[in-house]
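Structure assessment
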Amino acid sequence: MNLMKKATILVVDDESGIRQSFNMILKEDYHIVIASSGSEALDCFKSHAVDLVLLDILLPDIGGLDLLEKFKEIDPTVEIIMVTAVKEVPIAVKAIKLGAYEYIMKPFTVDDILAVIQRALEKRSMTQEIAYLKTELERVLPFEMMVGEDPKMKKVFDFISTISQSDGTVLIQGESGTGKELVARALHNRSHRKGGPFVVVNCAAIPLTLMESEVFGYNKGAFTGALSTRIGKLEMANKGTAFLDDIDSLDLKMQAKLLRIIQEREFERLGSNKVIKVDVRFIAASNKNLSELVENGEFRDDLFYRINVFPVNIPPLRDRKSDIPLLLEHFVDLHAKQTGKSKIRFSEEAVKTLMNYDWPGNVRELQNLAERLVTITKDPLIHAKALPPLTGSLKTGIKDLPLKDAVDAFEKHYIAEVLEDVGGNKTKAAEKLGIHRNTLLAKTHAKEPS
Ligand SMILES: Nc1ncnc2c1ncn2[C@@H]1O[C@H](COP(=O)(O)OP(=O)(O)OP(=O)(O)O)[C@@H](O)[C@H]1O
Ligand SMILES: [Mg+2]
């Protein structure tokens, strides 16, 4: 808010003496608008950008409390100070409940009224600032914390915007670490279900034997060990979103049960016949190619069609390399801020090296690297030779190599991990590896990317 701008105060009182004295006290510092009745006050309120109202409770036409409600309806952020000659506690309580800032009694001292007005206006400017920052945040981070300028990602973002208000089931597919969960959360947070829960059902992490009890919940005594009734993830997700992560891990039996739930939006807890209805949006994710699994008979085709209403395919990072520098900066700054470390930057050559790499672990791998660099480097500018060996996940990195190269790659990766564990201290790393420090130095120098 512009602090130089005078705040506008609307004075509403049927006694001209009161109106005049308010005007005298306040005209120096504020822009004053005066009304002697309720209806006049409403007109003034609509035609001026009022910041604060000094409102008499007893007016000839409209009651002060009714007027208070009307003002708040028109502008919920306006501050209202009730002014009254009679002390009636129930009315004061009601006024505060309806959103009045303060309730003051006539007669009052000039200092008192000035102090109350100042506090109320400070509160208002703070409320406005918060509202402004919120919209600013939405503008800067339109998709949660999702960074991406590549046309392929922009297409994904556009599609998310289009489908976020619908209740249709979404299937997010993409390699591990591409941002599937982030997209699911963005969808939830942009939907009308935003105020409701976002419940993750991690299909790969829940053992199949526990899947039903986790998802449907159970009644006391449903099975040995069911000592009390517990609600399942589906019930928890009511009025919100259920995120079925790694949905390909479900066995065929559970797939059939899930199909029924997505169709009917109803189920029973284990050990109970009572049908429970839920209002849930389903978002499923998988890093496998589900249509291939359908062809192989590992995934039910009817469930696939049911969840694939809105397909979102997130491209791997190697197919949107122009986003690498953006993501690096994003994670480096974020991690530096979170840990109170200083920011780091990358030399042109270092960026080139990182852009030439294929990132088998996708954004997650890049995020880990950025965090590691913020933690271990002392030089604020990272050069190519200071980058740890980029081998990705060991398995992906050495899969097709001849033995000697695979051994070299393993050594490189292993040394990098040990170095990371000891915060980059080469003496400590050499000790851990059981080799001489000079040997380690020779190895790390020999293996730096050129
Ligand atoms: N576009 C992006 N902008 C910023 N951060 C991202 C982006 N994409 C992914 N991330 C971050 O990368 C990490 C991995 O993302 P996420 O967990 O959503 O991947 P995933 O596809 O669900 O992976 P997995 O299949 O292994 O579960 C998270 O920390 C996430 O916040
Ligand atoms: Mg995930």
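Just above sits the structure.
The structure contained in this document is the topic of the report that follows. The model shown is predicted, which means the values in this text are computed figures rather than measured ones. Sequence positions are assigned chain by chain, starting from 1 and proceeding in written order. Whichever chain is written first becomes A and whichever ligand is written first becomes 1, with later ones labelled in order. Selection of residues for local features in this predicted model requires a pLDDT of at least 70, selection of side-chain atom pairs for listing and counting requires 80 or more, and totals for whole chains, interfaces and linings are taken over all residues. Where side-chain values are given, they derive from all heavy atoms of the structure, hydrogens and water being excluded.

Next up on the list: the site of ligand 1. Taken together, 18 residues surround ligand 1, and among them Val147, Ser176, Gly177, Lys180 and Gln367 come closest. In protein, a polar contact means a hydrogen-donor-capable atom and an acceptor-capable atom, both N or O and within 3.5 Å, with residues adjacent in sequence counting only if both atoms are side-chain atoms; elsewhere, any N or O pair within 3.5 Å suffices. Within the backbone of Leu182, one N or O atom sits 3.1 Å away from an oxygen atom of ligand 1. Measuring from an oxygen atom of ligand 1, one finds a side-chain N or O atom of Gln367 at 2.7 Å. Calculation of accessible area relied on Shrake-Rupley with a 1.4 Å probe; when residues are assessed, cover is drawn exclusively from the protein chains displayed. Summarising the interface, the protein chains cover 85% of the accessible area of ligand 1, which totals 630 Å² for the free molecule. Within the residue set of the shell around ligand 1, elements represented by two or more residues are helix 7 (180-189), helix 13 (324-339) and helix 15 (362-376). Tallied by class, the residues present in the shell around ligand 1 amount to 7 nonpolar, 7 polar and 4 charged. All the domain ranges listed were derived from an automatic or database domain assignment. The residues that make up the shell around ligand 1 include at least three from each of domain 2 (151-315) and domain 3 (318-446). Residues are classed as near a molecule or strand on a simple rule: at least one heavy atom within 4 Å of it. The secondary structure listing takes helices from DSSP runs of H or I that are at least 4 residues long and strands from runs of E that are at least 2 residues long, numbered from the N terminus. Only Asp, Glu, Lys and Arg are considered charged, only Ala, Val, Leu, Ile, Met, Phe, Trp, Tyr, Cys and Pro nonpolar, and every remaining residue, Gly among them, polar.

A few words now on the pattern of salt bridges. Basic side-chain nitrogens of Lys or Arg form a salt bridge, by our definition, when they fall within 4 Å of a carboxyl oxygen of Asp or Glu. Applying the stated criterion to the full structure yields 24 salt bridges. Between Glu175 and Arg318 there is a salt bridge, with the nearest N and O atoms lying 2.5 Å from each other. Separated by 143 residues along the polypeptide, Glu175 in the loop between strand 6 (170-173) and helix 7 and Arg318 in the loop between strand 14 (310-313) and helix 13 bring together distant segments of the chain. Relative accessibility thresholds used throughout: buried, under 20% of the residue-type maximum; exposed, over 50%; partly exposed, between the two (1.4 Å probe, protein chains only). Taking the relative accessible area as the measure of exposure, Glu175 reaches 28% and is therefore partly exposed. According to the relative accessible area criterion, Arg318 is partly exposed, its value standing at 33%. Here Lys443 makes a salt bridge to Glu411, at a shortest N to O gap of 3.0 Å.

On to the pairing of strand 6, then. One face of the sheet, then the other: side chains in a regular strand alternate in exactly this way. Along strand 6, one buried face is formed by Val170 and Ile172 and the opposite face, lined by Leu171 and Gln173, is buried too. Paired strands, in this sense, are two strands between which DSSP finds at least two bridges. One ladder, built from 4 bridges, connects strand 6 with strand 14; its direction is parallel. Within the sheet, the bridge partner assigned to Gln173 lies in strand 14 and is Asn313.

Working convention: axes come from line fits to C-alpha atoms, limited for helices to the stretch in contact. Angles between N-to-C directions cover 0 to 180 degrees. Orientation of helix 13 relative to helix 15, taken along the N-to-C sense of each, is 45°, at an axis distance of 9 Å. The angle between helix 13 and helix 15 falls in the class oblique. Relative to helix 15, the crossing made by helix 13 is right-handed. Across from Ile324, Leu327, Leu328, Phe331, Val332, His335, Ala336 and Thr339 in helix 13, the residues of helix 15 making contact are Val363, Leu366, Gln367, Ala370, Glu371, Val374 and Thr375. Angle categories are assigned with fixed cut-offs, so that under 35 degrees is roughly parallel, over 145 is roughly antiparallel, 65 to 115 is roughly perpendicular, and the rest are oblique. Note on convention: near helix rotated counterclockwise from far helix by under a right angle means a left-handed crossing. Clockwise means right-handed. Whether two residues are in contact is decided by their heavy atoms, any of which lying within 4.5 Å being enough.

Among buried residues, the Ala, Val, Leu, Ile, Met, Phe, Trp, Tyr and Cys ones that are joined through side-chain atoms within 4.5 Å form a nonpolar core. Ranked by internal contacts, the top residues of the largest apolar core, which has 32 residues, are Leu244, Ile247, Phe282, Leu290, Phe299 and Ile307. Sorting the residues of this core by element identifies strand 7 (198-202), helix 8 (208-216), strand 10 (241-245), helix 10 (252-264), strand 13 (281-286), helix 11 (290-295) and helix 12 (301-307) as the ones contributing at least two each. In terms of residue count, helix 10 provides more of this core than any other element does, 5 residues in total.

With respect to the helices and strands, the residue Arg193 is situated in the loop between helix 7 and strand 7. The buried category is assigned to Arg193, whose relative accessible area is 4%. A distance of 2.7 Å separates a polar atom in the side chain of Arg193 from a polar atom in the side chain of Asp279.

The 5 strands are arranged 7-10-13-6-14 in an open sheet whose pairing can be described as parallel. Lying at the two open borders of the sheet, with one neighbouring strand each, are strand 7 and strand 14. For this sheet, the mean angle separating the axes of adjacent strands, direction not counted, is 20°.

Right, let's talk about unusual backbone geometry for a bit. Following Lys106, the chain continues to Pro107 via a peptide bond in cis, the omega torsion being -10°. Tracing the sequence through the fold places Pro107 in the loop between strand 5 (102-105) and helix 5 (110-140). Even without being glycine, Asp246 reaches a positive phi, approximately 50°. Checked against the element boundaries, Asp246 lands in the loop between strand 10 and helix 10. Of the residues examined, Asp246 reaches a relative accessible area of 17% and is grouped as buried. Positive phi, normally seen in glycine, also occurs at Asn362, with a value near 55°. Take Asn362: it is sitting in helix 15.

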